[in-house]
Amino acid sequence: MTQPAHNLGDQLGETAGAFMSSLPEDDAQIVGASFEKLGSSHTGESAIAVGEIAPNFTLPDATGIPVNLHSKLNEGPVVLSFYRGGWCPFCNLELQALQTLLPEIRSLGASLIGISPETPDNSLSTVEKQQLEFDVLSDVGNKTARDYGLIFTVYEEMRPLYLKWGLDVPASNGDDSWELPVPATYIIDPNCVARSVYVNKDYTKRMEPAEILGALRKL
């Protein structure tokens, strides 16, 4: 495995720190308060947990071809990653790490699926920019994320900042809900059981690649 995949947590932390230090004081206070609000919320507490059945889904990939979870599981375990969108710098770091990890995931007989609420056109843009070679699916309306208990709505006080930063969530998702999935990673066995789960409402943190491989090796 190459070095970037090993240091995903460090990269995410550095990116978050640099971002916060670059903000004007008023904006930094709003962001800090929103993180505290999110941290004390019940967001993600109802997410599908270890030992539970992973809900099935059929979603289009970036070219519009439908992908079904059960069909993928017939071929072996699935690593399922919910991310917020290609506009999110933390998601892009995770997607790059997953792409680096892809040969090892496949060598363990597993497949990798990324899911975001972005429209297929925007998912295709993410695939092309990041040169991703795994399935990237569009969960428009967040139905699958809702089935997995991962829904979060961007706080109203944060929305003007998102738009100021050029992060137009409604345009990316094709609706005005401002709903996003809590970033989450599931390792699902061929019986559709979630064997390892990482759900963190702090969207600057993700499951480490080494943990993904470790969970796959235990199957």
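Counting of residues starts from 1 at the beginning of each chain's written sequence and follows it residue by residue. Side-chain atom pairs in this predicted model are given and counted only at pLDDT of 80 or more, local residue features only at pLDDT of at least 70, and totals for whole chains, interfaces and linings cover all residues. Water and hydrogen atoms were dropped before computing side-chain values, which therefore reflect all heavy atoms in the structure.

What the chain contains, in helices and strands, is ten helices and nine strands. C-alpha atoms define the radius of gyration in this analysis, and the globule rule sets the expected value at 2.2 Å times the number of residues to the power 0.38. By the compact-globule yardstick of 17 Å for 219 residues, the chain fits well, its C-alpha radius of gyration being 17 Å. Projecting the C-alpha coordinates of the chain onto the three principal axes gives extents of approximately 50 × 35 × 35 Å. The burial tally for the chain puts 53% of its 219 residues in the buried class. Counted over contacts in the chain with a minimum sequence separation of 6, partners at least 24 positions apart contribute 71%. Numbering of helices and strands runs from the N terminus; a helix is a DSSP stretch of H or I covering at least four residues, while a strand is a stretch of E covering at least two. Remark: exposure states derive from per-residue accessible area (1.4 Å probe, protein chains only) relative to the maximum for the residue type, with buried under 20%, exposed over 50%, and partly exposed in between. Between two residues, a contact is recorded if the distance between any of their heavy atoms is within 4.5 Å.

Position of Pro-209 among the secondary structure elements: in helix H10 (residues 209-217). For Pro-209, a relative accessible area of 2% puts it in the buried group. Between the C-alpha atoms of Pro-209 and Asn-7, which are 202 residues apart in sequence, the distance is 8.8 Å.

Turning our attention to the state of the cysteines. Any two cysteine sulfur atoms lying within 2.5 Å of each other are counted as a disulfide. Considering all chains together, one arrives at zero disulfides under this definition. Counting only cysteine sulfurs, Cys-91 is the nearest neighbor of Cys-88, a cysteine outside any disulfide, at a range of 3.1 Å. Residue Cys-88 is classed as buried on the basis of its relative accessible area of 0%.

So, about the layout of surface pockets. By rolling a water-sized probe across the atoms, one finds the places where empty space is left. The pocket and cavity definitions rest on a 1 Å grid over protein atoms only: a 1.4 Å probe that fits but cannot leave marks a cavity, an open set with protein on both sides within 12 Å along at least five of seven lines marks a pocket, and residues lining either have an atom within 4 Å of a point. Grid points are joined across faces, edges and corners, and a volume is the space filled by probe spheres set on the points. Taken as a whole, the largest pocket holds about 210 Å³ of empty space. The wall of the largest pocket is formed by 16 residues, among which Phe-19, Arg-84, Phe-90, Trp-165 and Tyr-203 lie closest to the centre. Of all the secondary-structure elements, those providing two or more residues to the lining of the largest pocket are helix H2 (8-22), helix H3 (25-39) and helix H5 (89-107). In terms of residues, the lining of the largest pocket owes the most to one element, H2, which gives four residues. In terms of residue class, the lining of the largest pocket is built from 13 nonpolar, two polar and one charged. In this classification, the charged set is Asp, Glu, Lys and Arg, the nonpolar set is Ala, Val, Leu, Ile, Met, Phe, Trp, Tyr, Cys and Pro, and all remaining amino acids, among them Gly, are polar.

Okay, the sheet that holds strand S3 (residues 78-82) next. As a general point, the strands of a sheet are linked pairwise by backbone hydrogen bonds and lie either parallel or antiparallel. Pairing within the open sheet is mixed, and its five strands lie in the order S5-S4-S3-S8-S9. The open sheet is flanked by strand S5 (135-138) and strand S9 (194-199), the only strands paired with a single partner. Across the sheet, the axes of successive neighbouring strands diverge by a mean angle of 15°, strand direction being ignored. Note: strand S8 (residues 184-188) against S9, five bridges, orientation antiparallel. Looking at the pairing, Tyr-186 lines up with Val-197 of S9. Running at roughly 160° to strand S4 (residues 111-116), H5 makes contact with S3, S4 and S8 of the sheet. The criterion for strand pairing is that DSSP finds at least two bridges linking the strands in question. Simply put, an axis is a line fit to the C-alpha atoms, just over the touching stretch for a helix, and the angle between two N-to-C directions goes from 0 to 180 degrees.

Unusually for a residue other than glycine, Gln-131 sits at a positive phi of about 55°. Tracing the backbone through its elements, the reader meets Gln-131 in the loop between helix H6 (120-130) and S5. You can call Gln-131 exposed: its relative accessible area is 62%. Unlike most non-glycine residues, Trp-178 shows phi in positive territory, near 60°. When you line up the elements, Trp-178 lands in the loop between helix H9 (169-173) and strand S7 (179-181).

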